[in-house]
Amino acid sequence: MNLLQTSLGRLPLFNPVTVASGTFGTEYGSFYDLNRLGAYVSKTITNDPKAGNPCPRLFETEAGLLNSIGLQNPGIDLFIKEHLPLLREKLSIPIIVSFSGSSVSEFRRMLIQLDNCVGISAYEVNISCPNVENEGIAFGVDAGIVSELVKTLRAETERELIIKLSPNVTDIASIAKSAEESGADSLALINTVFGMAIDPKTGKSRIKRGIAGYSGPAIKPIALANVYKVAQAVQIPILAMGGISTWQDALEFFYAGASAIAVGTASFYDPLAPIRCLEGLETYLKDTDIPLCDLIGSISF
Amino acid sequence: MNLLQTSLGRLPLFNPVTVASGTFGTEYGSFYDLNRLGAYVSKTITNDPKAGNPCPRLFETEAGLLNSIGLQNPGIDLFIKEHLPLLREKLSIPIIVSFSGSSVSEFRRMLIQLDNCVGISAYEVNISCPNVENEGIAFGVDAGIVSELVKTLRAETERELIIKLSPNVTDIASIAKSAEESGADSLALINTVFGMAIDPKTGKSRIKRGIAGYSGPAIKPIALANVYKVAQAVQIPILAMGGISTWQDALEFFYAGASAIAVGTASFYDPLAPIRCLEGLETYLKDTDIPLCDLIGSISF
Amino acid sequence: MAYDPIYRLCRIHSCTVLNESYSMLEIIDDEIAGRCEPGNFVEIKPYKAGSVLKRLFKPISIYKVESDSIFLMIKALGRGSKELTKLNEGDMVELIAPLGNSFPMPTGKSIALVSGGIGYPPLWFLKSRLNADIKVRWFHGGACEKDIFPCDEAWTIDGSAGTKGLVTQGLVEWLKDHPCDAIYSCGPEALLKALAALCDTHNIPLYVSMEAYMACGVGVCHGCTVPIGTKENWNYLRVCKDGPVFDARDIRWELI
Amino acid sequence: MAYDPIYRLCRIHSCTVLNESYSMLEIIDDEIAGRCEPGNFVEIKPYKAGSVLKRLFKPISIYKVESDSIFLMIKALGRGSKELTKLNEGDMVELIAPLGNSFPMPTGKSIALVSGGIGYPPLWFLKSRLNADIKVRWFHGGACEKDIFPCDEAWTIDGSAGTKGLVTQGLVEWLKDHPCDAIYSCGPEALLKALAALCDTHNIPLYVSMEAYMACGVGVCHGCTVPIGTKENWNYLRVCKDGPVFDARDIRWELI
Ligand SMILES: Cc1cc2nc3c(=O)[nH]c(=O)nc-3n(C[C@H](O)[C@H](O)[C@H](O)COP(=O)(O)OP(=O)(O)OC[C@H]3O[C@@H](n4cnc5c(N)ncnc54)[C@H](O)[C@@H]3O)c2cc1C
Ligand SMILES: Cc1cc2nc3c(=O)[nH]c(=O)nc-3n(C[C@H](O)[C@H](O)[C@H](O)COP(=O)(O)OP(=O)(O)OC[C@H]3O[C@@H](n4cnc5c(N)ncnc54)[C@H](O)[C@@H]3O)c2cc1C
Ligand SMILES: Cc1cc2nc3c(=O)[nH]c(=O)nc-3n(C[C@H](O)[C@H](O)[C@H](O)COP(=O)(O)O)c2cc1C
Ligand SMILES: Cc1cc2nc3c(=O)[nH]c(=O)nc-3n(C[C@H](O)[C@H](O)[C@H](O)COP(=O)(O)O)c2cc1C
Ligand code: FES
Ligand code: FES
């Protein structure tokens, strides 16, 4: 029996360890076999190519990372033409494509274009990037728009539809519910938290653009609170991320209600982080002889 | 010239270093002269005495603290009768009284009762405690209610009115603006961020109540982003808090637009944290011969 | 509390490994040593010159005071206590001490001490300050051999030292044919709770030193509370300032 | 990049303090050493058994390769680099190496090397791999004496070593009466920018090794970019994977 078996709605996963969009690439294939992962999640693509934000784009704080990449990406056409075939060639695990648009109709057009491509197992709809003005984020904070967007996308695809949510909202549960009611198969959370840092010696923002996205160990308690809140509000599965570095971190998220997890910033601290998570979980479940699905949402107080 | 001179609107402060409500008490007077602080901020009081939340109420995460005290306090009557006279006796610096209510009219009644007491220099109106259901928090997330509350309180007092804001909202700037327009003298931010932790060995929430308030170094980038956002949106001064442990941390907040700062969780790590902040700032400003007020809001990119 | 606590940098005078889990720290400070009473504890954390370690202090009971020396007996459990047990002679620590209230001195002639695991240290300090004419029976329990230290009757869960079983079993037996004017205890919540029930039945006064997760240790944060009072009228009191020692009859065990 | 990078735990074979700011680390690894080319860098961080240090790796240029030894020359600036300069023989580090592209080998007969501060190490490695018949003039600048290492012409801001002034002054003088087929440089952005303008005027090819704040170091995060291309058609390329070495004419300096 595969104790690690899990699923994100219509997408079964051989194990629950995936990677967070924008923090991963096939480059990590130099260090281990990427096909050991539960799924591969691509960096968010947009319709047009995006140069991204000016530098500095990164700053490491006391217990986390600020980034302001600004969704730099080659655009959907080049992604489909060059990147996707490469991914298909290298990977036998499910490929989850993350994308973002600047209007409901652009999201829809992108989905249709992607739906014509073979080798995509799921979409992660990024409506929560804090580092761009016109893409995504405005969608993620309004339950009404989320509902319209998800309904529109649902009508166009049979594939797994994952909606990636922002923690930078008053009431994430209501947004999660509206995504669920509109036909989302599962939810991914959290995207980065708004954060900032200033050089006290000069008064200069550490990040050129000012406010950035905050990730890493520091946001784990925030991610956990959001996952728990959403798990209490919806029935659909949750793909959790936010500061997960170890298998013990992952366990916390399963108890809070996640069905799968993604390793993000931790890969920068430890290129083997996803594999160490996976191996740790495997050993733990074997030792205790509990299937993962029995742990999901079983938090006590 | 006092390079540290600053003000929170109608309240001049001899120096910008204050303490965060609920993290401080005259007990720290065993370690240094409390009258060296710019101001003293009392723990939030409510109308009726409050027992607070069940234990465990605390958990230390990788770079922060989760708390779920639940506004335990003796209630306004006992505060006025016993605590306030003690504070007045021990302190010659401005006393800022933090309070919270469960309805606009309760807030109003409390303010009137406090306004009859001598020795209070300002009110910090806590509409942002994440650890109680019916007190405060519901107010802090809705610009309309904030406006009604602030107008009501403004009509009743000539004293400095500080509104303490929550970071757990979609748009803190709009809430800040509505407080400003309704007559707030200044704004305090941030209160704690929603956070959670689970024991991976047992699946038990580290905090009995579940979701708690997250403070300390981990939330500094979040606090800074919020202070910067609010400083861009309003003209009134900001009393900043969230992870401030050192004078360098304090400088970051001044650059982002704060006129004064409060040391919170850091006092638990270092009982002398407020004094070390103060001394560090003093030395720095003397060495550079720049008055504090020239730094405020002077961030560059 | 009789005195204001002192906050100070102190040097580790000696650090003795007792066994793979426990170490004993010795700190010399005449002013603090002179103020310590049985039941008091310290807040302590390692100090590294140049930067403040942004972690909470850890509450540790005072185990022994000999002239100017304060002894702490520490079990390596998690990150904080592990760091403490790894200190070396000459290392510096930040100390806030003494903290909390102290045990009331017994008025009767015969008492029992009941400790579990890291509940041992405060009872040792209490014992050292008792009048010589008081008869004392000390029951100490732990998970295994390494939790066991000198006492009158040792109990372990795994039977690797003393008698196999729970320390309360020993007490129950002993109470059958021994008068007992009061019991003093410190240990895990489950132990204290069981004892409270037992003492209630036997109508023996019980003083317990409570544990709690602490942030400030000095009474400002209200993080470390226990429900104290009557069934109808109780309030959360602070273990660090109102305690750690409470009369077990005042504790609302059903709320813990 | 010719090879896939290797991720591995390595032992510090030696750590030599060069002066109060700089240290030299030596790591022995035949496989990595065999793959290193001038311009390549490593990502490195201290390793402590038992727990992963949740801090970013630090990018450090390869200074020298001698048989199986890789040498890194590190200046203590902030937290990460300070920790690295304090390593001792026998300590373990996590290493990802080699990373990035390398300098194009010169085709002409006479070149200049221009380094500023911690821009020194990659040029040393480059120099060690040049054909013996190439004429090299090395200009090195720093803030003060401790930034100065062996070179042909040293400049310091405070005049404590070499000539007082900016390293570019020396280059300008020298170019007046010396032919120069190419310039290779590494150092602070301001230096590289000034050089780029200079080389543009003199029409000399300039290859620069860029610095950038890095997170992954392997090309996945797009955090370390510089604008590369023409005025009309440029894109942000990654210093860690597309660089660190770029032809200065391709860099859109006006956007930095
Ligand atoms: C008044 C008082 C006096 C104390 N006296 C002593 C003493 O003399 N000697 C001594 O060794 N310890 C004593 N303790 C307990 C000691 O403070 C804790 O063991 C320590 O704080 C744990 O911190 P940590 O960072 O090592 O562990 P954490 O990382 O916080 O926790 C590690 C593991 O230990 C468990 N744990 C944490 N705190 C406690 C606790 N208070 N009791 C039991 N398990 C806990 C956690 O659940 C977790 O599983 C005392 C505590 C109090 C409140
Ligand atoms: C490709 C590449 C090769 C490098 N090779 C070397 C080398 O061979 N030897 C060496 O000593 N260093 C080298 N560096 C620089 C080195 O990586 C940084 O000094 C180091 O990352 C600083 O980290 P920190 O944690 O010590 O400092 P931080 O705490 O991050 O910063 C401390 C101070 O240093 C400044 N700083 C941070 N990064 C840099 C930087 N890249 N350049 C200049 N100032 C900086 C910050 O603004 C801050 O004021 C290289 C960098 C790159 C990108
Ligand atoms: C450098 C960087 C780039 C990111 N890019 C994206 C992105 O393109 N799309 C997206 O949905 N999330 C992006 N994220 C957010 C992560 O996918 C993840 O939600 C977040 O970092 C929290 O997880 P972590 O703390 O484990 O990193 C990015 C995060 C980082 C640090
Ligand atoms: C133990 C604890 C108790 C708190 N109690 C209150 C309170 O009563 N009223 C209030 O407005 N804020 C309260 N806060 C929030 C702090 O005042 C402050 O806004 C927050 O902790 C962020 O600052 P810090 O990171 O410096 O602690 C409390 C925080 C902590 C950690
Ligand atoms: S630990 Fe803060 S009140 Fe006891
Ligand atoms: S550091 Fe991540 S792409 Fe270069």
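Residues numbered from 1 in each chain as written. Chains lettered and ligands numbered in written order. Predicted model: local features only at pLDDT ≥ 70, side-chain atom pairs only at ≥ 80, totals over all residues. Heavy atoms only, no water.

**Concerning the packing of aromatic side chains**
For the coordinates displayed, the defined rule picks out 38 aromatic pairs over all chains. Centroid distance F99 of chain B to Y123 of chain B: 5.9 Å. Interplanar angle 90°. Geometry classified as edge-to-face. Taken together, the positions of F99 of chain B in strand β7 (residues 95-99) and Y123 of chain B in strand β8 (residues 122-126) put the pair 24 residues apart, joining distant regions of the chain. Both residues of the pair, F99 of chain B and Y123 of chain B, belong to the buried class. Their ring planes at 25° and their centres at 5.5 Å tell us that Y63 of chain C and W124 of chain C sit as a pair that is stacked. Of the two residues, Y63 of chain C is situated in the loop between β4 (58-61) and β5 (64-66) and W124 of chain C in helix α3 (residues 120-128); the sequence distance between them amounts to 61 residues. Judged by its relative accessible area of 8%, Y63 of chain C is buried. Three or more aromatic residues link up through ring pairs in this structure, and these residues are Y22, Y63, Y120, W124, W138 and F149 of chain C. One cation-aromatic arrangement involves K229 of chain A over F194 of chain B; the distance from NZ or CZ to the ring centre is 3.9 Å. The ring of Y236 of chain C carries R57 of chain B above its face, with NZ or CZ at 4.6 Å from the centroid. (Phe/Tyr/Trp six-rings, centres within 6.5 Å; stacked < 30°, edge-to-face > 60°. Helix = DSSP H or I, 4+ residues; strand = E, 2+ residues; numbered from the N terminus. Buried < 20%, exposed > 50% of the residue type's maximum accessible area, 1.4 Å probe, protein only. Lys NZ or Arg CZ within 6 Å of the ring centre and 35° of its normal.)

**Overview of the domain arrangement of chain C**
Residues and elements named next belong to chain C. By the assigned domains, chain C splits into domain 1 (6-99) and domain 2 (110-255). Put simply, the middle of domain 1 and the middle of domain 2, counted by C-alpha atoms, are 22 Å apart. Taken residue by residue, the interface counts 23 residues in domain 1 and 21 residues in domain 2. Summed over both sides, the interface between domain 1 and domain 2 buries roughly 2000 Å², with carbon and sulfur atoms accounting for 68% of that surface. Of all residues in domain 1, P38, Y63 and M73 give up the largest surface area on contact with domain 2, accounting jointly for 26% of the area buried on that side. The tally of links from domain 1 across to domain 2 stands at one salt bridge. Where D147 meets K75, a salt bridge forms, and the shortest distance between an N and an O atom there is 2.9 Å. (Domains from an automatic or database assignment. Contact = heavy atoms within 4.5 Å. Buried area = accessible area lost by both parts, 1.4 Å probe. Salt bridge = Lys/Arg side-chain N within 4 Å of Asp/Glu carboxyl O.)

**Describing the site of ligand 2**
The immediate surroundings of ligand 2 are formed by 19 residues, with K58, P59, K75, S81 and E211 of chain D found nearest. Neighbouring residues of ligand 2 are not confined to one chain but are distributed across chains A and D. At 2.8 Å from an oxygen atom of ligand 2 is found a side-chain nitrogen or oxygen belonging to K58 of chain D. Here an oxygen atom of ligand 2 and a side-chain polar atom of S81 of chain D are 2.4 Å apart. (Near = heavy atom within 4 Å. Polar contact = N/O pair within 3.5 Å; in protein donor to acceptor, adjacent residues only side chain to side chain.)

**As for the sheet that holds strand β11 (residues 163-164) of chain D**
All names here are of chain D. Across the sheet, seven strands lie side by side as β11-β10-β9-β8-β12-β13-β16; this open sheet has mixed pairing. The open sheet has two edge strands with one neighbour each: β11 and β16 (245-247). Sheet topology note: the strand β8 (residues 110-116)/strand β12 (residues 182-186) ladder contains five bridges and is parallel. When the bridges of β12 are listed, L113 appears paired with Y184. On top of the sheet, helix α3 (residues 120-128) reaches β8, β9 (135-142) and β12; it is set at about 155° to β8, its chief contact. (Pairing = 2+ DSSP bridges. Axes fitted to C-alpha atoms, helices over the stretch in contact; angles between N-to-C directions.)

**Quick look at the site of ligand 1**
The environment of ligand 1 is made up of 19 residues, and the closest members are K58, P59, K75, S81 and E211 of chain C. Looking at what sits near ligand 1, you find residues from chains B and C. Separating an oxygen atom of ligand 1 from a backbone N or O atom of G78 of chain C is a distance of 2.9 Å. In isolation ligand 1 has 890 Å² of accessible area, and contact with the protein removes 78% of it. Contributions of two or more residues to the shell around ligand 1 are made by β4, β6 (69-75) and α2 (79-85) of chain C. Here the shell around ligand 1 gets four residues from one element, more than from any other, and that element is β4 of chain C. Inspection of the shell around ligand 1 shows a minimum of three residues originating in each of domain 1 (6-99) and domain 2 (110-255) of chain C. (Areas by Shrake-Rupley, 256 points an atom, 1.4 Å probe, with all protein chains shown as cover.)

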